[in-house]
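As a plain string of letters, each chain reads:
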Amino acid sequence: MAADKVDPIHQFHINKLIPIEIGGYDLSFTNSALFMVATVAVASAFLYLSTSSRSLVPSRLQSISEMAYEFVGNMLRDAAGTQGMKFFPLVFSLFMFVLVANLLGLFPYFFTVTSHIIVTFGLAALVIGTVVVYGFMKHGLGFLKLFVPHGVPVYLLPLVVLIEVISFVSRPVSLSVRLFANMLAGHITLKVFSGFVVSLSALGTLGIAGSVLPLAMAVALTALELLVAFLQAYVFAVLTCMYLNDALHPGH
Amino acid sequence: MFVTSAFAQESAPAVEGGHTGTEGDTHSGTGVPAEAHGVFPPFDPATFPSQLLWLAITFGLFYLFLKKVVMPRVGGIIDVRNDRITQDLDHAARLKGEADAAVAAYEQELAEAKTKANAIGQQANDAAKAEAEAARKKVEAALDQKLGEAEARISTIKANAMKEVGTIAEDTASAIVEALVGGKASKAEIAAAVKSVAR
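None of these values were measured; they are calculated from a predicted model. (Residues numbered from 1 in each chain as written. Chains lettered and ligands numbered in written order. Predicted model: local features only at pLDDT ≥ 70, side-chain atom pairs only at ≥ 80, totals over all residues.)

K.L.:
So what exactly am I meant to see when it comes to the overall build of chain A here?
P.N.:
If you tally the helices and strands in chain A, you get 8 helices and 4 strands. Listed N to C, the secondary structure of chain A is α-β-β-β-β-α-α-α-α-α-α-α in terms of helices and strands. Each principal axis of the C-alpha atoms in chain A carries an extent, and together these give about 70 × 55 × 45 Å. Burial statistics for chain A: of 252 residues in total, 38% are counted as buried. Of all intrachain contacts in chain A linking residues separated by at least 6 positions in sequence, the fraction that spans at least 24 positions is 65%. (Helix = DSSP H or I, 4+ residues; strand = E, 2+ residues; numbered from the N terminus. Buried ≥ 20, exposed ≤ 12 C-beta atoms within 10 Å, placed from the backbone. Contact = placed C-beta atoms within 7 Å.)

Next up, the structure:
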């Protein structure tokens, strides 16, 4: 039991709440699924309820919703132009989902959805899939111009195209790993320092006095993690906007 | 301080043990429940289908909800506010224009009133001057007439007096002659003498 409490990996375990198995696949409703539902419910409820009065002069909560909306909207417009606004619902829901999932994960005993690579990879694959599908739909084979930058000498072209292709293929990986690794590392660090507090304070008076240090560290890390939660949601949304811009204007 | 860091060093390896398990998939992690098969949970492929399915369901619903309900609403609120702000600004600009026009009209009226007042003042002044002049002339004329009349009366009185002076002188001369000489001088002689003296 004591080992469980200090074990920083324990928080990432997936427990089946409602076992479901279809066609040999384990599709159980797990704690991860529960927190996906919670993320969606919290985000939807907040956005829905805070704007329900539709006041001309917004309340605080309503202005938070409006700020998030305009923030993502401006981000997308800056990166991808007015044409990019057709992806506004996608970017906005990605941003809100990641942000709320990150923030919910900061509560003790809560599961962090975005600390699982498959979840972040799923979101990244959605983004890159949208880019590829929309790019080919809009530009046909012209979308491949994405890999051929202008003004490159012919003898360098094979090398540059190779690099561009590799960088494009690594996008879903970097997009998903960035978010996943940040959340994972942050939660492990937080757990390690909180574990110090527990194990030190079990060692008597001196230990309790000494545990003040890791406790202060845990408090500071919590603040840092709050920042990281915002920052990673922002980074995810910004990169999504930039990739969508490639789908809209592949010719650089 | 020393004690603290020492404890931290001590407890670190225990944690590190669990941590290294994160990188090596084959490592049997510390205190991992049986269902995780000793795999670092985020890299456990057994959980992938369920997580992907529920991610697709939840995120799909979230996307639809935001697209159909939340975003039109928030966008509507912001549009209405922007419209209202431009409308209010227009209204304010129009009111300002009206105020400016009112000030201009007021100033013009004021200028007109001033010129009118000046004109009236001037007119009154002129009229008063003319009246005074006329009155003065009338008085002067009356005075002139009176002067003339007086002069005429004086001259008649003088003439009468001069006429009477002759007879008085004759009477006085005859009386003086009578008293001095004792005889009577003829009237004609006396009159001639008086006339010669009067000249």
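Next comes the rest of the account.
K.L.:
Please clarify how the nonpolar core should be interpreted in this entry.
P.N.:
Generally speaking, a soluble globular protein has its nonpolar side chains buried in company with each other. Core analysis: the biggest nonpolar cluster contains 56 residues, and A:Val72, A:Val91, A:Phe95, A:Phe97, A:Val98 and A:Ala237 have the highest contact counts within it. Those elements giving two or more residues to this core turn out to be helix H2 (31-50), helix H3 (60-80), helix H4 (88-105), helix H5 (117-139), helix H6 (157-201) and helix H8 (212-248) of chain A together with helix H2 (48-181) of chain B. With 11 residues, H4(A) is the largest single contributor of residues to this core. Not counting the four nearest positions on each side in its chain, A:Val72 is found in contact with A:Val91, A:Phe92, A:Phe95 and A:Ala237. One finds A:Val192, A:Phe196, A:Leu200 and A:Leu221 within the second-largest nonpolar core, a separate group that totals 7 residues. (Core = buried A, V, L, I, M, F, W, Y, C linked by C-beta atoms within 7 Å.)

K.L.:
What should I look at first to understand H5(A) in this one?
P.N.:
Helical periodicity: at 3.6 residues per turn, an α-helix aligns residues three or four positions apart in one direction. Its 23 residues give H5(A) an end-to-end C-alpha distance of 32 Å, which sits within 8% of 33 Å, the value for a rise of 1.5 Å per residue. Burial in H5(A) covers these residues: A:Ile117, A:Ile118, A:Val119, A:Thr120, A:Phe121, A:Leu123, A:Ala124, A:Val127, A:Ile128, A:Val131 and A:Gly135. If you follow the buried residues of H5(A), they end up packed against H4, H6 and H8 of chain A together with H2 of chain B. (Expected span 1.5 Å × (residues − 1).)

K.L.:
I tried to follow the interface of chain A and chain B on my own but got confused; where do I start?
P.N.:
It is common to give the size of an interface as the accessible area that goes away when the parts come together. Opposite the 56 residues of chain A that make contact, chain B presents 47 residues. Looking at which element gives the most residues to the side of chain A that touches chain B, the answer is H2(A), with 9 residues. Across the side of chain A that touches chain B, the residue classes break down as 34 nonpolar, 16 polar and 6 charged. (Nonpolar A, V, L, I, M, F, W, Y, C, P; charged D, E, K, R; others polar.)

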